[in-house]
Amino acid sequence: SCHMKGLAADIILSKEYPIISLLTIASGIFPRIGIYRSKENYTSGSMHVDVDSSKGRLYWVCDRYKDGAYRYFKDVQSLLNYAALQNPNWDDVMI
């Protein structure tokens with residue numbers, strides 16, 4: 001796994017930072033990013049980042065609060081467009 005090789009990390013902070021804002025910043029640094037909404041609280045989340053660029057760019061969301069399904073996107077804007085249409089809104093998720 002990328003975690004075992006030191007090429008990935010999960011980011012969980014003090015629930016003060018909007019996940020969508022951090023995603024926008026992180027997309028300029030990391031080629032592969034996943035955002036997750038907590039099963040217990042729709043405003044709580046985490047982010048996964050990969051530094052392994054050999055696999056190409058990939059972005060995903062996993063809404064554990066709703067259905068736990070993964071949805072994949074080839075670019076950040078497509079993920080942002082998807083997230084903006086979801087209810088509850090991803091703009092409320094903090095990490």
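**Q** Sorry, what's going on with the overall build of the chain here?
**A** Secondary structure summary: the chain contains two helices and five strands in total. For the chain, the N- to C-terminal ordering of α and β elements is β-α-β-β-β-β-α. Taken over the C-alpha trace, the chain has a radius of gyration of 12 Å; the compact-globule value for 95 residues is 12 Å, and the two agree within 12%. Expressed as a percentage of its 95 residues, the buried residues of the chain come to 41%. The long-range share in the chain, meaning contacts at least 24 apart out of those at least 6 apart in sequence, stands at 58%. Summed over all atoms, the accessible surface of the chain reaches about 5400 Å², with 53% contributed by carbon and sulfur.

**Q** Please explain the nonpolar core as it appears in this structure.
**A** Soluble globular proteins tend to bury their nonpolar side chains together. Of all hydrophobic cores here, the largest spans 19 residues; its most connected members are Ile-19, Ile-33, Ile-35, Met-47, Leu-79 and Trp-90. At the level of elements, helix 1 (19-26), strand 2 (32-37), strand 3 (45-50), strand 4 (58-63) and helix 2 (76-84) are the ones that each hand at least two residues to this core. Setting aside residues no more than four positions away along its own chain, Ile-19 makes contact with Ile-35, Tyr-36, Ser-46, Met-47, Trp-90, Val-93, Met-94 and Ile-95.

**Q** Any chance you could explain the sheet that holds strand 4 here in plain terms?
**A** Hydrogen bonding along the main chain pairs the strands of a sheet, whether they run parallel or antiparallel. Read across the sheet, five strands follow the order 1-3-2-4-5 without closing on themselves; strand pairing throughout is mixed. With partners counted over all chains shown, the strands left at the sheet margins are strand 1 (8-11) and strand 5 (70-73), one partner each. Strand-to-strand twist across the sheet, computed as the mean angle between neighbouring axes with direction ignored, equals 15°. Sheet topology note: the strand 2/strand 3 ladder contains six bridges and is antiparallel. Its bridge partner being in strand 3, Gly-34 is matched across the sheet by His-48. Against the sheet, helix 1 engages strand 2 and strand 3, with an angle of about 175° to strand 2.

**Q** Explanation requested: the side chain of Arg-37 in the structure shown.
**A** Along the chain, Arg-37 falls in strand 2. On the accessibility criterion, Arg-37 (0% relative accessible area) is buried. If we ignore the near neighbours within four places in the chain, the residues touching Arg-37 are Tyr-42, Ser-44, Gly-45, Cys-62, Asp-63, Arg-64, Tyr-65, Pro-88, Asn-89, Trp-90 and Val-93.

**Q** What's the story with the confidence of the model for the chain in this structure? I'm lost.
**A** Low pLDDT marks regions whose predicted coordinates should not be analysed in detail. Averaged over all residues, the pLDDT of the chain equals 92, while 98% of them reach at least 70. Here strand 1 stands out as the least confident element of the chain, with mean pLDDT 89; strand 5 is the most confident, with 98.

**Q** Can you help me understand the pairing of strand 4 in this one?
**A** Consecutive side chains along a regular strand alternate between the two faces of the sheet. Most of strand 4 is tucked away: five of the six residues are buried. Pairing of strand 2 with strand 4, which is carried by six bridges, proceeds in the parallel orientation. Paired with Arg-32 across the bridge in strand 4 is Leu-58. Bridging between strand 4 and strand 5 involves four bridges; their strand directions are antiparallel.

About the thresholds
- Residues numbered from 1 in each chain as written.
- Predicted model: local features only at pLDDT ≥ 70, side-chain atom pairs only at ≥ 80, totals over all residues.
- Heavy atoms only, no water.
- Helix = DSSP H or I, 4+ residues; strand = E, 2+ residues; numbered from the N terminus.
- Rg over C-alpha atoms; globule rule 2.2 N^0.38 Å.
- Buried < 20%, exposed > 50% of the residue type's maximum accessible area, 1.4 Å probe, protein only.
- Contact = heavy atoms within 4.5 Å.
- Areas by Shrake-Rupley, 256 points an atom, 1.4 Å probe, with all protein chains shown as cover.
- Core = buried A, V, L, I, M, F, W, Y, C linked by side-chain atoms within 4.5 Å.
- Pairing = 2+ DSSP bridges.
- Axes fitted to C-alpha atoms, helices over the stretch in contact; angles between N-to-C directions.
- pLDDT = per-residue confidence, 0-100.

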